[in-house]
Amino acid sequence: MLAYRLKGKDRAAFEEVPKPRAQPGEVVIAIHANGLCRSDIHHLHGTTPGERSTMGHEGAGVVEALGEGVEGLNVGDRVVVNYVNPDGSCPMCRRGREDVCERLPLGFGTDGVFAEALAIPARNVAVLPEAVPFDEGAILGCAGATAYRATSRSDLRPGMSCMIIGLGGVGMQAVAIAKLFGASPLVAVDVRDAKLALAKRLGADLLVNAAKEDPVAVARSLGDGRGVDVAFEYIGLAKTLNQAIEATRWGGRTMMVGIPPGKIEFDAQAFNLGAKTLMATQGHTNQDLREVIDLRARGLLRTAETITHHLPFREIDKGIEILESQKGDPVRIALHH
Ligand SMILES: [Zn+2]
Ligand SMILES: [Zn+2]
């Protein structure tokens, strides 16, 4: 079968590889759609650890084969892959924190979903109802579930003010989710007007083009003038993380989801005197994934609009080029098999 594999730093290509077989407890999924994510590009350029292996972590498809002992799934079931691929047995998994499982996630050093098929433990797929297309399912498996977990853990409650910085695939989905959680006002920040316009359609009340306006000043102009209750950082830059922290009020919370390149300086004194909270979150649990799929299946969450580009699987190189150049303001790029 065909797989898109990392060949070294900055190099990836299609390669013919043996089709995986289901080991006991595993299922083989015939992949129907993938999402192309910025973290795939970070991985390609060697900024996340990884060995030569099949790339890709956002995928949805159909169960093609069942390994020994698999229950509750049938051949032909539509499913989304949970790329976090928790083992269910390490110390943190046993405490319910599958999001920080010790096992390497799929597509970042172990064989991922940019392939015609994938073998994965049956516990790490979520059933995808007929109402949700495969491409949206693939995107829910990363952007949707990551943003859903970050929002759940942020303590965002109805009526709280909220700022979301960075409207890529995850940040854009986060806007729709924050709206569902009752954020008000909901402020979306980016440097591309096309992305801000999409955020408005997904429920943002206020748009800030950070190339023209200071998001911190905007945050402090809202309500009682003391900043937002919750800020989300979905880029991973020193500047935007500082903006997020400074945009929050005393006692406010910043959720760091974008992956920073390394050390970041911030005003620790102001942070301390304001008794603020900074929390990082990565990945998600199987339960998060099931919940976010359910929200979409019931028509409560909008995901289709976050897919700005559709390409055949074999044109993945073109997708990477679009995502890197930002030509045509891509949010999420779906690959169809
Ligand atoms: Zn992703
Ligand atoms: Zn684990």
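Let me begin by describing the structure that accompanies this report.

Cut-offs applied
- Every chain is numbered on its own, with residues counted from 1 as its sequence reads.
- Chains and ligands are labelled sequentially in the order written, the chains with letters from A and the ligands with numbers from 1.
- Since the coordinates come from a predicted model, pLDDT governs what is reported: local features require at least 70, and pairs of side-chain atoms require 80 or more to be given and counted, while whole-chain, interface and lining totals use all residues.
- To obtain the side-chain values, all non-hydrogen atoms of the structure were included, while hydrogens and water were left out.
- Donor selection uses N, O and S atoms within 2.8 Å of the metal (3.2 Å for Na, K and Ca). Since no water is included, sites may look incomplete.
- Geometry is assigned from donor-metal-donor angles: four donors are tetrahedral when every angle falls between 85 and 135 degrees, four are square planar and six octahedral when opposite donors sit over 155 degrees apart with all other angles between 65 and 115, and any other arrangement is irregular.
- Exposed residues in this analysis have more than 50% of their type's maximum accessible area, buried residues have under 20%, and partly exposed residues fall in between, with area computed by a 1.4 Å probe over protein chains only.
- For two strands to be treated as a pair, DSSP must find no fewer than two bridges joining them.
- Working definition: helices are DSSP H or I runs of at least four residues, strands are E runs of at least two. Numbering for both runs from the N terminus.
- Between the N-to-C directions of two axes lies an angle of 0 to 180 degrees, each axis being a line fitted to C-alpha atoms and, for a helix, fitted only over the stretch in contact.
- Any two residues whose heavy atoms approach within 4.5 Å are treated as being in contact.

### Some remarks on the coordination of the zinc ion (ligand 1)
Move 1: In the first shell of the zinc ion (ligand 1), the protein supplies Cys37 (SG), His57 (NE2), Glu58 (OE) and Cys142 (SG), at 2.0 to 2.3 Å from the metal.
Move 2: Each of the 4 donor atoms around the zinc ion (ligand 1) contributes to a set of angles spanning 92 to 130°, which defines the coordination as tetrahedral.
Move 3: Here the donor residues for the zinc ion (ligand 1) map to a single chain with the spacing C-x19-H-E-x83-C. By the burial criterion, His57 is buried, and Glu58 matches it.

### So, the coordination of the zinc ion (ligand 2)
Move 1: Every protein donor of the zinc ion (ligand 2) is accounted for by Asp87 (OD), Cys90 (SG), Cys93 (SG) and Cys101 (SG), and the metal-donor separations fall at 2.1 to 2.3 Å.
Move 2: One can describe the site at the zinc ion (ligand 2) as tetrahedral: its 4 donor atoms subtend angles covering 97 to 119° at the metal.
Move 3: Judged by its relative accessible area of 25%, Asp87 falls in the partly exposed class.
Move 4: Look at Cys90 and you get buried, because its relative accessible area is 5%.

### Brief notes about the sheet that holds strand β11 (residues 228–233)
Move 1: Spatially, the 6 strands line up as an open sheet ordered β10-β9-β8-β11-β12-β13, and their pairing is parallel. Each end of this open sheet is capped by a strand with a single partner; those strands are β10 (206–209) and β13 (277–280). Sheet twist, expressed as the average angle between the axes of neighbouring strands with direction ignored, equals 15°.
Move 2: Across 4 bridges, the pairing between strand β8 (residues 162–165) and strand β9 (residues 186–190) is parallel. Considered in β9, the bridge of Ile165 is made with Val189.
Move 3: Running over the sheet, helix α3 (residues 134–153) touches β11, β12 (248–256) and β13 and is turned about 155° from β12.
Move 4: Lying on the sheet, helix α7 (residues 238–247) is in contact with β8, β11, β12 and β13; it crosses β12 at an angle near 145°.

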